[in-house]
Amino acid sequence: MSKPIPEFDTDIFSRESIRNANAVDDRLREFAPVVRLPGENITMLARYKDVAAGLKDWKTFSSTSRPWHDPNSVRPELLLTDDPPKHTRVRAVISNALSPKALNHMAENFRRDARNLVDSLRPRAGEPVDAVASITQAFIHKVLPDLLGLPEKGREHLSAFGNMVWATMGPMNEIFHDAMRDTSGEVLDWAGKVSNRDNLAPGSLGMAMYEAADRGECTEQEAGLLVGILLSAAADTTVLTMANAIRAFSQFPEQYQLVRANPSLVKAAFEESLRWDSPSRMAGRIAMTDVEIDGYVIPKGERCGLMFAAANRDPRRWEDPLQFDVRRNNIGSLGFGHGVHACVGRVLALLEAEALLGALVEQVVAFEAAGDPVPWMTTVGHGPIKLPVRLRFA
C-alpha cells in the first residue's frame, strides 16, 4: 500500500517565497521525496535522483501537458510542449542552426561587443553599477537581437515580452497578472511582427528558421514560433546566469581570482553558476502512468513540477552544494536541463558567456557588492532583476 503524499504548507509562488526562493525550495526538497502543493493541485519532486530521472524519462513525465498549461497563452506553443517525434523533428532545425560550426562566425562579434561594453564601464569604476541592466542584460539584449536579425526598433520590448512568457509557466496569481499588463498591446504586437520573415535580416539566425521551412524541415508557422522561442527562452536565462556569476565573484572572491589566473575556467564558472543558482526553479510535466517513488505513488494524469534548481543544490548529490567552486565537476548538473528537452541553446549561451565573462575577467580586478540583489518577481524564473556591484579595474 502506498504512503499518502504529504502536503507542503507554504505557497512557493507567493511574493515572499520568491524573495526567499532557494530557502523555500530547499525546505520542500527536505520535506519529503514527493510533495503535494494543495493550493495548486500539483505534485513536486525536488531531490536530484528523482528530478534527473523524471527529466530523462519523457515517456513517463510528458511535456505535452503541464501545470497551468494554456495553449492560447503568449508563450510560443512549440518544443517545450512537445515530445518525440514532433519534438525531435523541430528541435533539429534549431540544433543545426545553433551548431558550433554555424555559430563560429559570431564568436568574434560577441567578443567585440563584450570588449566595447566593458570598456564603456571604466569611467564608472568604483561606483555602484547594476550588473543586470548595465552588464549582462545590456550585452544579451544587443547580441541576441543582432544574431536573430531583428530590426532595431522595438528591442526595448524584449524584457517585457520575456516576463510575459515566463509568467505563463507559473500559476495565474497576482504576479502573473502583473506581468501580463500590456494595456496598449504594443509588446505583443511587436513580438508577433518581429518574428515574421519580412522583418528578419538575410543571413540571420531568425531567417535560418524560415530557410529550414523552405527546405521542408518545418512548416512556415513553426519557423515563426521557433523565432519567438529564441527571442524569449534564449535571453533571460543567460542574463540571469551571468548576473549570478558576477554575484558569486563578489561573494567568493578567491574563486574569481582563480578564473583571472586561468581564464580557461570562464566556461566552468558559467556552468557552476547554472548549478549554484539556476535561473529556472522547475519544469512542468504530466505523469503518463502511475509513478512510484520511495513508497509514494504519483497517479497517472497528475501534473507535476520537477524542481531542478533545488536538485542542483541537493547535498545527496553535491558536496558542499552552496559553495561556488569553479573547479567542481559539474557532470550531471541539471542547469541546462536533461534528456530530450535539455537546452537546445547551450552552445549559444556558452559562446555569449565566454565572450562577456572573458572580457570582464581580462579587465576587472575584483567585484564588490554595493547593495542587496533585488529578485525578479516571477514565479518559475529565478534570479536578480537588479544587482548592485562595484567594479575595480586593472
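This text goes with the structure placed above it.
Residues numbered from 1 in each chain as written. Predicted model: local features only at pLDDT ≥ 70, side-chain atom pairs only at ≥ 80, totals over all residues. Heavy atoms only, no water.

A. Quick peek at the overall build of the chain. The helix and strand inventory of the chain stands at 16 helices and 12 strands. Computed over its C-alpha atoms, the radius of gyration of the chain comes to 21 Å, within 12% of the 21 Å expected for a compact globule of 394 residues. Each of the three principal axes of the chain carries a C-alpha extent, and together these read 65 × 50 × 40 Å. Per-residue burial for the chain yields a buried fraction of 56% across its 394 residues. (Helix = DSSP H or I, 4+ residues; strand = E, 2+ residues; numbered from the N terminus. Rg over C-alpha atoms; globule rule 2.2 N^0.38 Å. Buried < 20%, exposed > 50% of the residue type's maximum accessible area, 1.4 Å probe, protein only.)

B. Region of the structure containing the pairing of strand 1 (residues 34–37). Burial along strand 1 is two-sided: V34 and R36 and V35 and L37, pointing in opposite directions, are all buried. Of the pairings in the sheet, the one linking strand 1 to strand 2 (residues 42–45) comprises four bridges and is antiparallel in character. Bridging from a neighbouring strand, R36 pairs with T43 of strand 2. Between the antiparallel neighbours strand 1 and strand 2 lie four residues, among them N41 with a positive phi of about 60°. (Pairing = 2+ DSSP bridges.)

C. How the structure looks around the pattern of salt bridges. With the rule as written, the count across this model stands at 31 salt bridges. The salt bridge partner of D146 is K142, with a shortest N-O separation of 2.5 Å. You can see D146 and its partner K142 sitting in helix 6 (residues 132–148), four residues apart, about one turn around the helix. The class of D146 is partly exposed, set by a relative accessible area of 30%. The residue R328 makes a salt bridge to E272 at a minimum N-O spacing of 3.0 Å. Here the residue R328 occupies a position in the loop between helix 15 (308–311) and helix 16 (346–363), and E272 occupies one in helix 14 (residues 266–276), the gap between them amounting to 56 residues. Shared partners join several salt bridges into a network, and the residues in it are D26, R29, E30, R313, D314 and R316. (Salt bridge = Lys/Arg side-chain N within 4 Å of Asp/Glu carboxyl O.)

D. Highlighting the nonpolar core. F139 and M209 are the most contacted members of the largest nonpolar core, which totals 124 residues. The biggest single contributor to this core is helix 16, with 11 residues. Aside from chain neighbours lying at most four places away, what touches M209 is V93, I94, A97, C218, A223, L226, V227 and L230. (Core = buried A, V, L, I, M, F, W, Y, C linked by side-chain atoms within 4.5 Å. Contact = heavy atoms within 4.5 Å.)

E. Spotlight on the pairing of strand 12 (residues 388–393). Where burial is concerned, the two faces of strand 12 differ: the one with V389, L391 and F393 is buried and the one with P388, R390 and R392 is not. Looking at chain direction, strand 4 (residues 128–130) and strand 12 are connected through three bridges and run antiparallel. The partner of P128 across the bridge, within strand 12, is R390. Here strand 9 (residues 364–369) runs beside strand 12; their pairing, made up of five bridges, is antiparallel. For V364, the partnering residue across the bridge sits in strand 12 and is F393.

F. Geometry of helix 13 (residues 253–261). Buried within helix 13 are the following residues: Q255, Y256 and V259. Along helix 13, the residues classed as buried sweep out an arc of 100° about the axis, all on the same side. Those residues of helix 13 that are buried lie in contact with helix 12 (236–251), helix 14, helix 16 and strand 9. (Arc of directions from axis to C-beta.)

G. Main features of the sheet that holds strand 9. Spatially, the three strands line up as an open sheet ordered 4-12-9, and their pairing is antiparallel. At either end of the open sheet lies a strand with only one pairing partner, and these are strand 4 and strand 9. When the angles between neighbouring strand axes are averaged without regard to direction, this sheet yields 45°. Along the sheet, helix 16 makes contact with strand 9 and strand 12, crossing strand 9 at roughly 100°. (Axes fitted to C-alpha atoms, helices over the stretch in contact; angles between N-to-C directions.)

H. Spatial organisation of the sheet that holds strand 1. Spatially, five strands are ordered 1-2-8-5-3 in an open sheet, and the strand pairing comes out mixed. Strands with a single pairing partner mark the edges of an open sheet, and in this sheet they are strand 1 and strand 3 (61–62). Sheet strands touched by helix 3 (residues 48–56): strand 2, strand 3, strand 5 (283–287) and strand 8 (303–306). Its angle to strand 8, the strand with the most contacts, is close to 120°.

I. Here's a closer look at helix 10 (residues 205–214). Within helix 10, seven of the 10 residues are buried, which leaves the element mostly enclosed by the surrounding structure. Within helix 10, the full set of buried residues consists of L205, G206, M207, M209, Y210, A212 and A213. One or two positions beyond helix 10, positive phi appears at G216, with a value near 85°.

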